[in-house]
Amino acid sequence: MPRSQIRSLSVQICHQKGFAKLALEHRGALLAEGEHLGVSTTHRQTPSMKTLKKQWLEVLSIYQYVLCFVFLGPVFSLLGVFLLFTPLWCFPLLYLVWLFLDWDTPQQGGRRYQWLKNCTVWKHLSDYFPIKLVKTVELPPDRNYVLVSHPHGIIAVGSFCNFATEGTGSSQQFPGLRFSLAALNCLLYMPGHREYFLSCGVCSVNRQSLDFVLSEPQPGRAVVIVVGGANEALYAVPGEHCLTLRNRKGFVRLALRHGASLVPVYSFGENDIFRVKAFAPDSWQRLFQVTIKKLLTCSPCIFWGRGLFSAKSWGLVPLARPITTVVGGPIPVPRCPQPTEEQVDHYHMLYMKALEQLFEEHKESCGLPASTRLTFI
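Residues numbered from 1 in each chain as written. Predicted model: local features only at pLDDT ≥ 70, side-chain atom pairs only at ≥ 80, totals over all residues. Heavy atoms only, no water.

Engineer: So, the side chain of Ser159: which residues are in play, and what are the values?
Structural biologist: With respect to the helices and strands, the residue Ser159 is situated in helix α6 (residues 157–163). Of the residues examined, Ser159 reaches a relative accessible area of 2% and is grouped as buried. Of the polar contacts made by the side chain of Ser159, one reaches the side chain of Ser149; its length is 2.7 Å. If sequence neighbours within four positions are ignored, Ser159 has contacts with Ser149, Ala164, Leu181, Val226 and Glu270. (Helix = DSSP H or I, 4+ residues; strand = E, 2+ residues; numbered from the N terminus. Buried < 20%, exposed > 50% of the residue type's maximum accessible area, 1.4 Å probe, protein only. Polar contact = N/O pair within 3.5 Å; in protein donor to acceptor, adjacent residues only side chain to side chain. Contact = heavy atoms within 4.5 Å.)

This is the structure in structure tokens:
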């Protein structure tokens, strides 16, 4: 073989070894980061296995959800006020008229458009992490349910994608059930936020709205409540599983009033998609967060993910960590129009035990160490 060909072959072999070394180092870095956060990095479809177009569609899909969740309401509200003092004043005025005429919709199960729930954007959003919906038992559609979803995380993307859209095919896994995800009442009266969430069938989390959904004559109604809410967002630290549940009993009273079965739901990985700045419980920063939460019903969390154009920079795009939402078995609840405190405490305790059992049974298969424990506050 000529000397020039030998030299060329040697260069190619060196390049291949170099690429292999870089790939192993990159894989090792990912595994180390996953172990640090308590997240499994095995059995995932890596970005290199997806086309460039597919990667961009997934990133843009989750990015629009984050922007809408965080900014859509405030931006549209400020825009409406600004337009009132311009020649375009008629547009915000017309919207106010529409808001007045449509005021009761959040209290009546929302306004769902099936074409929007089936939109491909939610499938791309689901594939980005990916989000997986796991059914442990059948939920017969001949009765109603109260699904209690944990944890809230920063943007509750697991609950939204699974139960407000068809991103994970919830209607195929639970045929005959009609899911209604409940959200804060104030979110459903802010321009932009209102139309975005109501169109996916989101309803208000207050008593009037949930009673309306569960009182409909057709069985198979399932309200989904993220009980931790804004307070739980303050504990959305990667690798931790701290739930605001010990004193949250309104969902138990709701189930007792309607005889709806309680169903525990846990989204493993929900807290791992953002890095969060956590403050000590006795610090002035935490006191400020709690005060703002009480005033505005939302938590001013400091969080960040990756950049839009590069995974190595920081931004508002969530980290691509797998989210596995496990739906547990139903807890039968008798119908009691006026439940006593003893009944509420009894079924609340049963629910907490069922949730803890669900967590223990599935934590290792979802990539958590066996020593991980669920904490209730």
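Engineer: Quick one: what's the story with the packing of helix α9 (residues 207–214) against helix α11 (residues 250–258), residue by residue and with numbers?
Structural biologist: Running from N to C, α9 and α11 cross one another at 35°; their axes reach a closest spacing of 11 Å. Our pair here, α9 against α11, has a crossing hand that is right-handed. Residues Arg207, Leu210, Asp211 and Leu214 of α9 pack against Leu254, Arg257 and His258 of α11. Considering only residue class, the contact of α9 with α11 consists of 3 nonpolar, 1 polar and 3 charged. (Axes fitted to C-alpha atoms, helices over the stretch in contact; angles between N-to-C directions. Left-handed = near helix turned anticlockwise from the far one by under 90°. Nonpolar A, V, L, I, M, F, W, Y, C, P; charged D, E, K, R; others polar.)

Engineer: Help me get a handle on the confidence of the model for the protein, residues and values and all.
Structural biologist: Confidence in the prediction for the protein averages 87 pLDDT; 87% of positions are at 70 or higher. Scored below 50 in pLDDT, residues 1–44 shows 24 contacts in the model against residues more than four places distant or in partner chains. (pLDDT = per-residue confidence, 0-100.)

Engineer: So what's going on with helix α2 (residues 52–83)? Residues and values would help.
Structural biologist: Here α2 is 32 residues long, yet its end C-alpha atoms lie only 40 Å apart, well below the 46 Å a rise of 1.5 Å per residue gives. The secondary structure elements touched by the buried residues of α2 are α3 (90–101), α5 (120–128), α6, α8 (193–198) and β9 (303–306). (Expected span 1.5 Å × (residues − 1).)

Engineer: Could you give an account of the side chain of Glu232, with specific residues and numbers?
Structural biologist: Topologically, Glu232 is positioned in helix α10 (residues 229–233). Those residues in contact with Glu232, other than ones at most four positions away along the chain, are Pro151, His152, Cys242, Leu243 and Thr244.

Engineer: Describe helix α13 (residues 341–362), and please don't skip the residues or the numbers.
Structural biologist: Helix length check: α13, at 22 residues, gives a terminal C-alpha distance of 32 Å against a target of 32 Å (1.5 Å per residue), a fit within 8%. Within α13 the residues assigned to the buried category are Val344, Tyr347, His348, Tyr351, Met352, Ala354, Leu355, Leu358, Phe359 and His362. Projected down its long axis, α13 shows its buried positions confined to an angular sector of 165°, all on one face. Residues of α13 that are exposed and point over 90 degrees away from its buried face: Glu342, Lys353 and Glu361. On the buried face of α13, the contacting elements are β2 (145–150), β6 (242–243), α11, β7 (261–268), β11 (323–327) and β12 (375–376). (Arc of directions from axis to C-beta.)

Engineer: Mind laying out the packing of aromatic side chains, listing which residues take part and the relevant values?
Structural biologist: Applying the stated criterion to the full structure yields 19 aromatic pairs. A network of ring pairs unites the aromatic residues Tyr65, Phe69, Trp122, Phe160, Tyr196 and Phe197 as a single cluster. Here the basic side chain of Lys135 rests over the ring of Phe174, its NZ or CZ set 5.6 Å away from the ring centre. Sitting over the ring of Tyr235, Arg286 keeps its end group 5.2 Å from the ring centre. (Phe/Tyr/Trp six-rings, centres within 6.5 Å; stacked < 30°, edge-to-face > 60°. Lys NZ or Arg CZ within 6 Å of the ring centre and 35° of its normal.)

Engineer: Just give me the short version of the pattern of salt bridges, but keep the residues and values in it.
Structural biologist: This model, assessed by the stated rule, comprises 17 salt bridges. Salt-bridge contacts for Lys123 lead to Asp127; the nearest nitrogen and oxygen are separated by 3.5 Å. Placement of the pair is Lys123 and Asp127 together in helix α5, with a separation of 4 residues, close to one helical turn. One salt bridge connects Glu360 with Lys363, and the closest N-O pair in it is separated by 2.7 Å. Each of Lys50, Lys54, Glu58, Lys123 and Asp127 takes part in salt bridges that share partners, so that together they form one network. (Salt bridge = Lys/Arg side-chain N within 4 Å of Asp/Glu carboxyl O.)

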